[in-house]
Every structure is written in C-alpha cells, then in structure tokens.
Amino acid sequence: MMITMWYFTSMTLQEKTPYPEKFQRCMVLAGGGFRFGLYLGMYAAARETGNAPDVVLASCGGAIAASMIGATSDPAEQKGLLEAPEMYRFWQQIKSARGAGILRALGNAARRKFSRRPAPVIPDLFHDYLFEVPALLPLPTTCANHDVSIAIIGGKLLFDQTHVGQARGARKLFAETVFCDPHCAALLQGTRSPFADARWGEHAIAEQLLLETGTPSGVAARISIADMFYFRCVEHASGHYIGGVVDLFPIEVARALADHVMIEFKQSFDQTYSIPAWRSVLGLDGNQRLRYVNGQPVDFRFDTSDISDALATETTSKKLDWLHNRIGLAIPASYDLYRQYMRAQWQYGYERGMEAFRRKEAYQESTMRQVDRHNGGCA
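Calculation rules
Residues numbered from 1 in each chain as written. Predicted model: local features only at pLDDT ≥ 70, side-chain atom pairs only at ≥ 80, totals over all residues. Heavy atoms only, no water. 1 Å grid on protein atoms, 1.4 Å probe; cavity = no way out; pocket = protein on both sides within 12 Å on 5 of 7 lines; lining within 4 Å. Points joined across faces, edges and corners; volume = space filled by probe spheres on them. Helix = DSSP H or I, 4+ residues; strand = E, 2+ residues; numbered from the N terminus. Nonpolar A, V, L, I, M, F, W, Y, C, P; charged D, E, K, R; others polar. Pairing = 2+ DSSP bridges.

A. The arrangement of the layout of surface pockets in detail. Its boundaries defined by the atoms lining it, the largest pocket holds a volume of some 1,500 Å³. What lines the largest pocket is a set of 48 residues, and nearest its centre among them are Asp 227, Tyr 230, Asp 270, Ser 274 and Lys 318. Among the secondary structure elements, those contributing two or more residues to the lining of the largest pocket are helix H6 (102–114), strand S4 (129–132), strand S8 (229–231), helix H10 (274–281), helix H12 (307–310) and strand S13 (317–321). It is H6 that provides the largest number of residues to the lining of the largest pocket, a total of 7 residues. Within this model, the second largest pocket holds a volume of roughly 320 Å³. Lining the second largest pocket we find 15 residues, and of these Arg 112, Val 121, Asp 128, Phe 229 and Ser 280 sit closest to its centre. Looking at the lining of the second largest pocket, the elements that each hand over two or more residues are H6 and H10. Here the lining of the second largest pocket is built from residues that sort into 7 nonpolar, 4 polar and 4 charged.

Written out as structure tokens, the structure is:
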C-alpha cells in the first residue's frame, strides 16, 4: 500500500509539473568577434528556407546578433539595428586601456606562448586587458520576438581580485553560465558543463552549469563579448563575468535545448596568440575543442572557414601605434564605411546560410573551404 500511494503521488506531481518539450531547431552563433553581422544574414537565410530556429544560442560576438534577433523577427529591422548610428558610436568609444602598451602586451603574449601548463595561476582579468569598453551595448532591453528564445553564454568568475596571481593548483576558476528564459532554464536544469568530460584535461572550468533568468539580452551580450585580455571582466549582480569564450562552441548545450542543431564550420585559432591565451586562462586547447565540435554530426553546417579572407577588411582590427607605444582598434573611419562593412558581413552570412540549407548531400568535411590539422576532424 505504501509503495502504491508513493507511486500515485509521484505521478500526480509529474503531471502537475511536466518536463518542458525540447525546441525543434537551435541555431548556434559561435563567436564571430567583430564580424557578428554575418549571423543576421544566416538567420535571414534560415527564415527564407523554412528553417527558422526556435532558439538561438550565442557566445561572444554572436550574442550581439542574438540580442537583435530577440528584439525582432524581421530581418530588415534586424539590419536596421545592425547599421544604427548608435552601434557605430559604441565601437568609436572603445579606447586603449592603461595596460595597452605594445611592449608590455608582446611580453605577456610571449610568456603565455612558452608556458605549457594549463592555467597555472589565477589570471588578472580585472586589470590585464587592452581596451576600455562602454558599460552598455546599444541594444533593446526586452525580447519582442516571441517566435524565438534567446540563450547567451558567459562565464562567472569563481575568484576575486584578492586571489589574482596565486597558484591555481586544481582549483576551478569559472562556471559556464547560460543567460536565458525559464523554458531554456528548465531544459538545462541539472545539465553539467561540457567540460566535465575527462577528455578536456585539467582545465579551470567548473563541472556545474549555472543558469540565469531575467537578465536582459543586451546585458548578457555585453557580458558575452568580454574576451580575456581584450576587455575587462564585467561586474553584474553579485559577481564578475568573463565572456562566452568559456564555451565558444556550445554544441552540447544546443543538443540539450533542441532536437536539430545548426552551427558553423569555423577556421582554426592561431597558435601564437589565441591558443596560449586559452591555455593560460581556461586551461583548454581551443583547437582541440574546435576539432571536436567541427567533427560532431549536426543538421546544417555553415562554412565560414574562409572568413578571414572573405571579410579581410570588413571588420574592426587591432592597430599598433609604435610612436606612442599603444595598441588601439582600427574603427571604420566613417559611419558610411561602417554600414558598408555591416552589409558585407550580412551578405556573407546570408550566402553561406543559403548554401548550407540548399546543400542536398550530407555534410562532409572535404567540402569545406579551409580545412587544416587544427580545425579538421574529431579530437
């Protein structure tokens, strides 16, 4: 009798609080940096071909595009947000930080390059960065597009300024955090970080996946672009956060959210600056992670592996001022030029999206434009 009553009670509770249904399609906007406009073109292609996502999962620069998608389902209105004068002024306001001296930056990069240990010390993400960024992105504060859910990746710091410079040992320094709505949070409840798997070695990311609901997508996007050594970590609510680099290609999270996943096939990271930065802060090999994700089966794969060539100038890049020993950003010289860049990015993303959705044969790595030993295959 006791067992029967317990079973009946459990079933009643289960019926009152049903597990939410997974979304049908998830589009992953993985990184992008200053070329985030391409993701709006991909989204437009998805809508045009009947493959519009039910949830958009974004990290780093992709989070800016995700916030625009959350504001409106109309690609024309999204382009208006992308090309808005306010967005141009935001990038214009980025200035060199106090620690942006060329020799100092090169010295730090060299030390990271020759250190092979995974995150040996607790990094100074409060002072060691190149650029000062405005506190808020010029993005809508509410989600008006009810056709899609938005989830954005960030990383909560599990240390404070008093711990900087201490030996890390086996301590975990970051907790991958998903800023999302209650539906996404319910689907991800109890999910562990993808890096809980032993394949990723002795890294600095905690096993638990944190979920934050109620944070405006524009605030989450500002957190997500806070890349280590580029921008200062972001103070929010009761903690500090690093950007979406903690899980730049969140394919496991995407699979927990939706039955079908669409993601990029991305170019590899450079071995001189990017990979040592990943290793020294996160304790991860960015290209190992990239190879793994590029090798996973998905429903649609967007080939952006040639983006550095195709959009070589249509972006914001670093510039060296040797006379004043400063590293700055080469912002488009005029608003009209900025709009040209954004339109070129959008068109590139649209064309690569249409290519992926029209591809009749199953995805094959051999059909991707630029495959090398760092981004090809499965790690």
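From this point, the discussion proceeds with the structure in view.
B. View of the sheet that holds S8. The sheet built from 3 strands is open, its strands ordered S3-S4-S8 with mixed pairing. Each having just a single partner strand, strand S3 (95–96) and S8 make up the two edges of the open sheet. Across 2 bridges, the pairing between S3 and S4 is antiparallel. When the sheet's bridge partners are listed, Ser 96 is paired in S4 with Phe 131.

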